[in-house]
Amino acid sequence: MSRYHSALLIPQPLIIMTEIFLASLLLGILAGISAGLFGIGGGALIVPVLVWLFQTQQFHPEQIMLIAVATSLATAIFTSVASVRAHHKLGNIDWRRAWHLAPSMLLGAGGGAVLAEYISANLLRWFFVTYLLYTSLQMAMPKQTKASTHPAKQFLDYPIGLLIGVLSAILGIGGGTMTVPYLVSNGLIMKNAVATSSTCAIPIALSAATSYAILGWQDNQLPAGSLGYLYLPAFAGIVLTSIFTAPLGAKLAHRLPAQKLKRYFAIVLLALAIKMAW
């Protein structure tokens, strides 16, 4: 691949950054709508699509998953803040529980980013394929989860928060698929569990994204436009559109047959899992 575009004499890295930025604008639209409509974080969609985009631009194979995961987590900071503001206005957040979970999640997410650097790219990919299959199954066959009537075992918040932080950093997600069921099983009703989980996603995303940026700081093989393992053109494109489309997705959730659409989206996640596995 030559350094300059043969016709326009535009530096090749600039062409790559522009193409990925434009594609990420569309990805942000889809991720924001899916997050608002289906109640899951955008990571399930963002990571596999970024992996495909980075493969088409011939990024270093051993770095693709790390860059996709790190960039997804960085975008989650902004989408989570927007979500928390909305939930706070509705009074749905259990702030005491969120502050209880935050320290261990913060620590776990930082440790998870460090651990991910030592995991082979192939194993990291299979971790995410497994997560996609699990999420697809949960959406295709949703179960009505009832809040536990037993007293909350808050001493579990520390080890569970640590585990959720580690796994979220490795997978590039905000941890909602794990945090919500845990909170519901500990006595919170669903709307409070979802709102509190959105709050917990902020320390996870902030800690993991910062760690990934620092870990990749001295890597000279990373593509132009990177801040450590964060790929800024993709990050900017996703954030610019997802922060506007997430509220739209939430509004559509009240007008469209959500359960039926969830099954369709489960098929999309299944297809993404197969594509990544292939």
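The following paragraphs examine the structure supplied in this document. Values in this document were obtained by computation on a predicted structure and should not be read as measured data.

## Overview of the nonpolar core
Turning to step 1, where the next piece is worked out: The biggest cluster of nonpolar side chains holds 68 residues, and the ones touching the most others in it are Leu50, Phe54 and Tyr212.
Turning to step 2, where the next piece is worked out: With 11 residues, the single largest contributor to this core is helix α3 (residues 64–90).

## Section: the packing of α3 against helix α8 (residues 190–215)
Turning to step 1, where the next piece is worked out: Contact pair α3 / α8: the axes reach a minimum separation of 8 Å and the direction vectors enclose 145°. For the crossing formed where α3 meets α8, the hand is left-handed. Contacts from Leu66, Val69, Ala70, Leu73, Ala74, Ala76, Ile77, Ser80, Val81, Ser83, Val84 and His87 in α3 reach Val194, Ala195, Ser198, Thr199, Ala201, Ile202, Ala205, Leu206, Ala208, Ala209 and Tyr212 in α8.
Turning to step 2, where the next piece is worked out: By residue class, the composition of the contact of α3 with α8 is 18 nonpolar, five polar and no charged.

## A few points about the packing of aromatic side chains
In this description, an aromatic ring pair is defined by two values, namely the gap between the centres and the angle between the planes.
Turning to step 1, where the next piece is worked out: Per the counting criterion, the structure on display carries six aromatic pairs.
Turning to step 2, where the next piece is worked out: For the pair Phe54 and Phe59, a centre-to-centre distance of 4.8 Å together with 15° between the ring planes defines the contact as stacked.
Turning to step 3, where the next piece is worked out: Pairing Tyr212 with Tyr229 gives two aromatic rings, centres 6.5 Å apart and planes at 85°, and the pair type is edge-to-face. Placement of the pair is Tyr212 in helix α8 and Tyr229 in the loop between β1 (226–227) and β2 (230–231), with a sequence separation of 17 residues. For the pair Tyr212 and Tyr229, a shared accessibility class is recorded, and that class is buried.
Turning to step 4, where the next piece is worked out: What links up through ring pairs into an aromatic cluster is the set Phe54, Phe59 and Tyr231.

## Concerning the pattern of salt bridges
Turning to step 1, where the next piece is worked out: Per the counting criterion, the structure on display carries one salt bridge.
Turning to step 2, where the next piece is worked out: With its nearest N and O atoms 2.8 Å apart, the salt bridge here joins Arg97 to Asp157. Of this pair, Arg97 sits in helix α4 (residues 95–118) while Asp157 sits in helix α6 (residues 157–171), placing them 60 residues apart in sequence. Both residues of the pair, Arg97 and Asp157, count as buried.

## Some thoughts on the side chain of Ser168
Turning to step 1, where the next piece is worked out: Turning to its location among the elements, Ser168 is positioned in helix α6.
Turning to step 2, where the next piece is worked out: Among the polar contacts made by the side chain of Ser168, one reaches the main-chain carbonyl oxygen of Ile164 at a distance of 2.7 Å.
Turning to step 3, where the next piece is worked out: In this structure Ser168 touches Leu73, Ile173, Gly174, Gly175, Met178 and Ile204, once residues within four positions along its chain are discounted.

The rules behind each value
Residues numbered from 1 in each chain as written. Predicted model: local features only at pLDDT ≥ 70, side-chain atom pairs only at ≥ 80, totals over all residues. Heavy atoms only, no water. Core = buried A, V, L, I, M, F, W, Y, C linked by side-chain atoms within 4.5 Å. Buried < 20%, exposed > 50% of the residue type's maximum accessible area, 1.4 Å probe, protein only. Helix = DSSP H or I, 4+ residues; strand = E, 2+ residues; numbered from the N terminus. Axes fitted to C-alpha atoms, helices over the stretch in contact; angles between N-to-C directions. Left-handed = near helix turned anticlockwise from the far one by under 90°. Contact = heavy atoms within 4.5 Å. Nonpolar A, V, L, I, M, F, W, Y, C, P; charged D, E, K, R; others polar. Phe/Tyr/Trp six-rings, centres within 6.5 Å; stacked < 30°, edge-to-face > 60°. Salt bridge = Lys/Arg side-chain N within 4 Å of Asp/Glu carboxyl O. Polar contact = N/O pair within 3.5 Å; in protein donor to acceptor, adjacent residues only side chain to side chain.

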